[in-house]
Amino acid sequence: MSDADEGSRAEAVALAYTAGDAAPKVVAKGRGLIAVEIIERAREAGVYVHESPELLSLLMQVDLDDRIPPQLYLAVAELLAWLYRLEQGGDEAPPVAHDLPSNLERRANR
């Protein structure tokens, strides 16, 4: 996920998911030059960069190396399913995240 403003306002979160994992994890996140670097490395590696300010704002609240919270499962699952279809030759528009929470409550147990 990224907010692609180049420079100090840029933000980015990188997710990783492996089959069998309970949920995707936040594997990198940052603002400013760190965000720009995350985005550049993703693009160089051929990783799709999705721009969704609402979802990005929520993912920035998740601690590094934590799994995404259940409130975001549907939005992220729709995005992953769309990416899979895209890789299989599909050409549909990316999904629009619906019913996202306004913010994430802090989780006591991680």
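Each chain carries its own residue numbering, running from 1 in the direction its sequence is written. Local features are withheld for residues below a pLDDT of 70 in this predicted model, meaning they are given only at 70 or higher, and side-chain atom pairs are given and counted only at 80 or more; totals for whole chains, interfaces and linings count all residues. Heavy atoms from the whole structure form the basis of all side-chain values; hydrogens and water molecules are not counted.

Asks: Describe the overall build of the protein chain, and please don't skip the residues or the numbers.
Replies: The helix and strand labels rest on DSSP assignments: H or I over at least four residues marks a helix, E over at least two residues marks a strand, and numbering proceeds from the N terminus. Check the secondary structure of the protein chain and you find 3 helices and 3 strands. When burial is assessed residue by residue, the protein chain has 32% of its 110 residues classed as buried. Contact criterion: two residues are considered in contact whenever any of their non-hydrogen atoms come within 4.5 Å of each other. At a minimum sequence separation of 6, the contacts of the protein chain that also span at least 24 residues come to 64%. Per-residue and other accessible areas follow the Shrake-Rupley method at a 1.4 Å probe size, with only the shown protein chains counted as cover for residues. Roughly 7,100 Å² of accessible area belongs to the protein chain as shown, and the carbon and sulfur atoms make up 50% of that amount. Here the term buried applies to any residue with accessible area under 20% of the maximum for its type, exposed to any over 50%, and partly exposed to those in between, with areas from a 1.4 Å probe on protein chains only.

Asks: I'd like a rundown of the pattern of salt bridges, residues and numbers included.
Replies: Oppositely charged side chains may form a pair once their charged atoms are brought near each other. By definition here, a salt bridge exists when the distance from a side-chain nitrogen of Lys or Arg to a carboxyl oxygen of Asp or Glu is within 4 Å. Under the defined criterion, the tally for this structure stands at 3 salt bridges. Among the ionic pairs, Arg41 bridges to Glu37, the shortest N-O distance being 2.8 Å. Residue Arg41 and its partner Glu37 are both found in helix H1 (residues 33-44); the two are separated by 4 residues, about one turn of the helix. Given a relative accessible area of 56%, Arg41 falls into the exposed group. The class for Glu37 is partly exposed, based on a relative accessible area of 35%. As a salt-bridge pair, Glu51 and Arg43 come within 3.9 Å of each other at their nearest N and O atoms.

Asks: Describe the nonpolar core, and please don't skip the residues or the numbers.
Replies: Among buried residues, those of type Ala, Val, Leu, Ile, Met, Phe, Trp, Tyr and Cys that are joined through side-chain atoms within 4.5 Å constitute a nonpolar core. Judged by nonpolar contacts, the single largest core of 14 residues is most densely connected at Val13, Leu55, Leu59, Ile68, Leu72 and Leu104. A per-element tally of this core places helix H2 (residues 53-59) first, with 4 residues. Core analysis: the second largest hydrophobic core is formed by 8 residues, Ala10, Ala35, Ile38 and Ile39 among them.

Asks: Could you give me a rundown of H1, with the residues and numbers involved?
Replies: The length a helix should cover is 1.5 Å for every residue beyond the first. Relative to the 16 Å expected for 12 residues at 1.5 Å per residue, H1 spans 16 Å between its end C-alpha atoms, a close match to the ideal helical length. Downstream of H1 by one or two residues, Gly46 has phi in the positive range, about 80°.

Asks: Describe the confidence of the model for the protein chain, with residues and values.
Replies: Detailed reading of the predicted coordinates is not advisable wherever pLDDT is low. Considering every residue of the protein chain, the mean pLDDT works out to 84; 84% of them sit at 70 or more. pLDDT: the predictor's confidence for each residue, scored from 0 to 100. By mean pLDDT, strand E1 (residues 2-3) is the weakest element of the protein chain at 58, and strand E3 (residues 25-31) is the strongest at 97.

Asks: Mind laying out helix H3 (residues 73-87), listing which residues take part and the relevant values?
Replies: In an α-helix, one turn spans 3.6 residues; hence positions three or four apart end up facing the same way. Compared with an ideal rise of 1.5 Å per residue, which puts 15 residues at 21 Å, H3 spans 21 Å between its outermost C-alpha atoms and is within 8% of the ideal. Three or more residues of H3 are buried, namely Ala75, Val76, Leu79, Trp82 and Leu83. Buried residues in H3, looked at end-on, bunch into an arc of 125°, giving them a common side. The exposed residues of H3 that point more than 90 degrees off its buried face are Leu74 and Tyr84. For H3, the secondary structure elements touched by its buried residues are strand E2 (11-16) and H2. Working definition: the arc comes from the directions between the helix axis and the C-beta atoms, pointing outward to the latter.

Asks: Mind laying out the environment of Pro24, listing which residues take part and the relevant values?
Replies: With respect to the helices, strands and loops of the structure, Pro24 is situated in the loop between E2 and E3. Overall, Pro24 belongs to the buried group, its relative accessible area being 9%. When the C-alpha positions of Pro24 and Asp66 are compared, they lie 8.5 Å apart, and in sequence the two are 42 residues distant.

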